[in-house]
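Residue-level structural notes
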Amino acid sequence: MRAAVIVYPGSNCDRDCKVAAETSINAKVDMVWHKETQLSDDLDLIILPGGFSYGDYLRCGAMAVQSPINAEIMRHATKGTPILGICNGFQVLCEAGLLPGTLLRNNSLKYICKDVELVVTNQDTIFTKAFKGKPNPIMTVGNGEGNYFADQETLNKLHGENLIAFKYVDTPNGSLEDIAGIINEKGNVLGLMPHPDRAFAKELGSDDGALIFRSLLG
Amino acid sequence: MSETAQLTQEVIAQHGIKPDEYQVILDRLGRAPNLLELGIFSVMWSEHCSYKSSRRHLGRFPVTGPRVIQGPGENAGVIDIGDGQAAIFKMESHNHPSFIEPYQGAATGVGGIMRDVFTMGARPIALTNAIRFGEPENQHTKRLLSGVVAGIGGYGNCVGVPTICGETNFDKSYNGNILVNAMCVGLAEQDKIFYSRGAKVGSPIVYFGSKTGRDGIHGATMASAEFDEGAEEKRPTVQVGDPFMEKLLIEATLELMQTDCIEAIQDMGAAGLTSSSVEMAGKEGLGIVLKMNDVPVRETHMTPYEMMLSESQERMLAILKPGEEHIAKAIMEKWDLDYAVIGYTTDTGRMVLEFDGEVVCDIPVGPLSSDAPNYDRPWVETPKQPIVTSREIGELGDVNEALLKLLSCPDVASKRWIWEQYDRHVMADTLAASDKPSDAGLVRIHGTNKALAITNDCTPRYVLNDPFEGGKQVVAESYRNIIATGAEPIAITDNLNFGNPEKPETMGQIVGAINGMIEACKILEYPVVSGNVSLYNETMGNAILPTPVVGGVGLIQDYRKAIGYGGLVEGDVIFLIGETTDSMGASLVLRELVGREDGAPPKVDLELEKSTAQIISKLISDDLLEACHDLSDGGLALGLAKVAMASDIGIVGMIDDDLPKTAALFAEDQARYLIAVDAENEAIVHETIVKSGLKLSKIGVCAGDSLEIAGALNLKVSKMRDTWENWLPQFMG
């Protein structure tokens, strides 16, 4: 398994993602600076990490899609390479148009960091199949803009094509239909707000996040 | 006013320079200073930068120890944590700015303390804070709390360093003068530590980071004066933080430190470009020439006076090895940061500033730092107060209600509303943060089994009633909180917050508390490696409670040995270690239920603290304890309530009937711990403790869903939790 973590200015979970992928599935992980213009063709996974790319200024993720590396991410998305966006990475995927909808300010208008219980609503994706037969996973969220929103047409489509991958048991932020993570139609791009990269070992409070990485092993 | 015009008495006074201090400046220069030079003296000789009221007392702290690599005098303290690694840490206040503008004041406090740590080559790995506000009824408390918490979170969350623990107090003495003390702990390789010393003659001085603007001019001077009614008008002196820039600056600085081109480096904190350049030159007896036209500026027409006194954030100054500038430049370009060579070091010992082809400042560096005033302020000892016994305060009425009242009092109530706004898990090495029942926060040293235990402590009401005992207690409680996790206490940073030192009573508190802390640090072998002093915390003549906060750091070799005070199961046995007496002075219950704040605080027997800690450490390292919790505010009753709530299990037992119930439950005697033991280990634990000569009382066992202490307490754990959790969210609305 060969993975790349994209490092934007302001990314702060880049190392966490690397360690999570290494620990969970022994992946070989490259850190790729956003100013790069090439991503290797033989990547098995691209991770867009959490953090505050460009300080979240303007709008979360909006500046990151202007980075030179974005063209390569788009190319890999089309090609079918698995792409995982966590937290700010999910926001970037929405801004890039690779996932529908957007992440609004939390309904409390505050940053929220807490453990959340999730339901894996679609266990047939390349990112979620290892959750089959497992109890509801626990991971932490840590964000100010995790409130998923989409128009009704998009929601209908998410339902119709079974594209909602994770829901909160109890939404911490006002997300529509408690949505915590969604996948694209092609099934190779997952965005979620909770952090599997902080839930890959028992001593961190949970190792449930490791199952996302294990799912990718097939 | 032009920078060369004659200085009036008024201008000198506005700069906080006292007439006798001005005389010293005249003597050292042999002439009158111009406005720029006066400004430079003013910030360097401010209380904030020069510690002129406290320096002679601080010098007596024990600052060495087997694990101390660098004590006070650098940007932060450095301790050896084995395997060639070092922990670098410091705590610093941002009190005055946070009162004026809570969000930016607190945010830049966090930013500033992080810079002190990464300036030395350490990657910040944990943040903590001790914050204090006025009484909840005060009209500003809610707004200030909300702003400070948002500011701390807004900065730390964005930079990506976990905020793992802290403490929050409320008292009317902070109504007009809140306290925001932030601590940062970083991790470095011992062979890659950077200092402000080490510069050589003829080396380039480079500036990188954000541009210099007009924000924060005279911040250090403001932080060194009392507030009056016009405090809000000082808003322009509060700096504005940009955590995104700080994140880039951390990465760029650490990348630069991987090269071999730095001679000395210093962040631009209080007094900005002035103090950073003076410190690096002063430490080596060098001179400096700065070309002010080359300083990256944010605004047009900035004068050298503004540039030298600006406290714009996220800026660094480094002295490089000659010829290596291109390496630094390339790194800063990668991170899109401003970079400029703005001067060079000389052998003249003078600070020369050039602007528009003229020399606008030419003063000796020495007097700015080493000749700063060093006052022996007159002080009077705080009068001792008598012991207050439980008999004297009478019956508390329904003890269940008393405990519920303590659980919901502002100082004790759950601070979930606060810490849920802090990212506690970024970096994926947080083992125990505010959400875990642990007396100290725990962060793992990345890639190892080692972990640091970190705690912030102060009990200002003790210090008020007896500065010496209170000073001892601050250090002892920090020590116990580290011990209770299974870690070894290594060293502390301190943040001494007091009122106006020109008042002998206040100076008496300062001297008393420092003396108490010194004694505790010596006996507990818990040296001070860094610190900060914040004086003049007064508004309209009303001083804050004396608040010497300690940030303690401990080391545990194997995090799997660490314990907290949760996770108990039915049948676990609860013991109290330590002696309880009938001394209720300055206790929480006296304040919250009787409405009195007088009396002698609990005595601190430091030798007993040490011997008790040794036994606790041994029991934890032998895997004999399921849980351990230091007893402090609210005594045994509150300790039991917290243990029960943490595990969501009842405790059934009894208390010592030699003592009046009020004392047995609520006295705050020191050197006490609650421990929980698996029934299987009860005998051996009992024997170990009794053999050691320490007092041991069996309280009871974990069972059911209520805290049931025979003849005293009977409360459902769920009821206690609701009471404890509800106060703050209800208050904040």
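Each remark here, short or long, concerns the structure printed above.
Residues numbered from 1 in each chain as written. Chains lettered and ligands numbered in written order. Predicted model: local features only at pLDDT ≥ 70, side-chain atom pairs only at ≥ 80, totals over all residues. Heavy atoms only, no water.

Before going further, it helps to spend a moment on the overall build of chain A. Per the secondary structure count, chain A includes five helices and 11 strands. In terms of C-alpha radius of gyration, chain A reaches 15 Å, essentially the compact-globule figure of 17 Å for 218 residues. For the C-alpha atoms alone, the extent of chain A along its principal axes is close to 40 × 40 × 35 Å. Buried residues in chain A amount to 61% of all 218 residues. For chain A, contacts bridging at least 24 residues in sequence account for 77% of all contacts bridging at least 6. If you sum the accessible surface of chain A, you get close to 8000 Å²; carbon and sulfur atoms cover 49% of it. (Helix = DSSP H or I, 4+ residues; strand = E, 2+ residues; numbered from the N terminus. Rg over C-alpha atoms; globule rule 2.2 N^0.38 Å. Buried < 20%, exposed > 50% of the residue type's maximum accessible area, 1.4 Å probe, protein only. Contact = heavy atoms within 4.5 Å. Areas by Shrake-Rupley, 256 points an atom, 1.4 Å probe, with all protein chains shown as cover.)

Let us look at the overall build of chain B. Of the regular secondary structure elements, chain B holds 26 helices and 28 strands. Principal-axis analysis of the C-alpha atoms gives chain B an extent of 85 × 50 × 45 Å. Taking all 733 residues of chain B together, the buried fraction comes to 67%. Here the analysis covers contacts within chain B between residues at least 6 apart in sequence; of these, 85% occur between residues at least 24 apart. When the accessible surface of chain B is summed, it comes to about 24000 Å², and 50% of that surface belongs to carbon and sulfur atoms. Charge centroids of chain B, computed over 62 positive and 103 negative side chains, lie 1 Å from each other. (Lys, Arg positive; Asp, Glu negative; His and termini not counted. Charge placed at Lys NZ, Arg CZ, Asp CG, Glu CD.)

Let us look at the interface of chain A and chain B. Contact with chain A, which involves 25 residues of that partner, is made by 29 residues of chain B. Both faces considered, chain A and chain B share a buried interface measuring about 2300 Å² in area, 57% of it formed by carbon and sulfur atoms. In this structure, the connection of chain A to chain B is made through four salt bridges. A salt bridge links A:R198 to B:D423, with the nearest nitrogen and oxygen atoms 2.9 Å apart. In this structure, the connection of chain A to chain B is made through 15 residue pairs in polar contact (both at pLDDT 80 or more). Secondary structure elements with two or more residues in the side of chain A that touches chain B: α1 (14-25) and β6 (112-120) of chain A. For the side of chain A that touches chain B, the residue count by class is 12 nonpolar, five polar and eight charged. (Buried area = accessible area lost by both parts, 1.4 Å probe. Salt bridge = Lys/Arg side-chain N within 4 Å of Asp/Glu carboxyl O. Polar contact = N/O pair within 3.5 Å; in protein donor to acceptor, adjacent residues only side chain to side chain. Nonpolar A, V, L, I, M, F, W, Y, C, P; charged D, E, K, R; others polar.)

Turning to the environment of B:V475, a few remarks are in order. Residue and element names in this part refer to chain B. Structurally, V475 can be placed in helix α19 (residues 467-483). Judged by relative accessible area, V475 falls into the buried class, the value being 0%. Residue contacts for V475: discarding those within four places in its chain leaves I492, M517, A520, C521, L524, Y526 and V550.

Moving on: the sheet that holds strand β21 (residues 547-556) of chain B. All names here are of chain B. The strand order across the open sheet formed by six strands is β14-β15-β16-β21-β17-β18, and the pairing between neighbours is mixed. Of all strands in the sheet, those bounded by a partner on one side alone are β14 (430-432) and β18 (528-534). Neighbour-to-neighbour, the strand axes of the sheet open up by a mean angle of 20°, direction not taken into account. By the bridge criterion, six bridges tie strand β17 (residues 488-497) to β18 in an arrangement that is parallel. Directly across from N497, in β18, lies its bridge partner S534. Where helix α20 (residues 504-523) meets the sheet, it contacts β17, β18 and β21, and its direction lies at approximately 175° from that of β17. (Pairing = 2+ DSSP bridges. Axes fitted to C-alpha atoms, helices over the stretch in contact; angles between N-to-C directions.)

This paragraph deals with α19(B). Helix length check: α19(B) (17 residues) gives 24 Å between terminal C-alpha atoms against 24 Å at 1.5 Å per residue, within 8%. For α19(B), the buried fraction is high: 16 of the 17 residues fall into the buried class. (Expected span 1.5 Å × (residues − 1).)

Here we come to the side chain of B:H94. Residues and elements named next belong to chain B. Along the chain, the position of H94 falls in the loop between β3 (85-93) and α6 (95-100). Within the structure, the side chain of H94 is placed 2.7 Å from the backbone oxygen of G105, a separation counted as a polar contact. Contacts of H94, omitting those with residues within four sequence positions, involve G105, T108, G109, V180 and Q239.

Locating B:S50 in the fold gives a position in helix α4 (residues 47-50). Not counting residues up to four positions away in its chain, the partners in contact with B:S50 are B:M44, B:W45, B:R55 and B:A372.

Tallied over the full model, the rule gives 10 aromatic pairs over all chains. The interplanar angle of 80° and the centroid separation of 5.1 Å between the aromatic rings of B:F41 and B:W45 together place this pair among those described as edge-to-face. With respect to class, B:F41 is no different from B:W45; both count as buried. Each residue in the set B:F133, B:F170, B:W727 and B:F731 is aromatic and connected to the rest through ring pairs, giving one cluster. One cation-aromatic arrangement involves B:K334 over A:W33; the distance from NZ or CZ to the ring centre is 5.1 Å. Geometry around B:Y559 places B:R444 over its ring, the cationic atom sitting 5.4 Å from the centre. (Phe/Tyr/Trp six-rings, centres within 6.5 Å; stacked < 30°, edge-to-face > 60°. Lys NZ or Arg CZ within 6 Å of the ring centre and 35° of its normal.)

The next thing to look at is empty space enclosed by the protein. Residue and element names in this part refer to chain A. Across all of its chains, the model carries three cavities of 30 Å³ or more by this definition. Approximately 100 Å³ is the volume attributed to the largest cavity. As for the largest cavity, its lining consists of 17 residues, and the residues nearest its centre are G51, F52, C87, G142 and N143. Those elements that place two or more of their residues in the lining of the largest cavity are α3 (88-95) and β7 (138-143). (1 Å grid on protein atoms, 1.4 Å probe; cavity = no way out; pocket = protein on both sides within 12 Å on 5 of 7 lines; lining within 4 Å. Points joined across faces, edges and corners; volume = space filled by probe spheres on them.)

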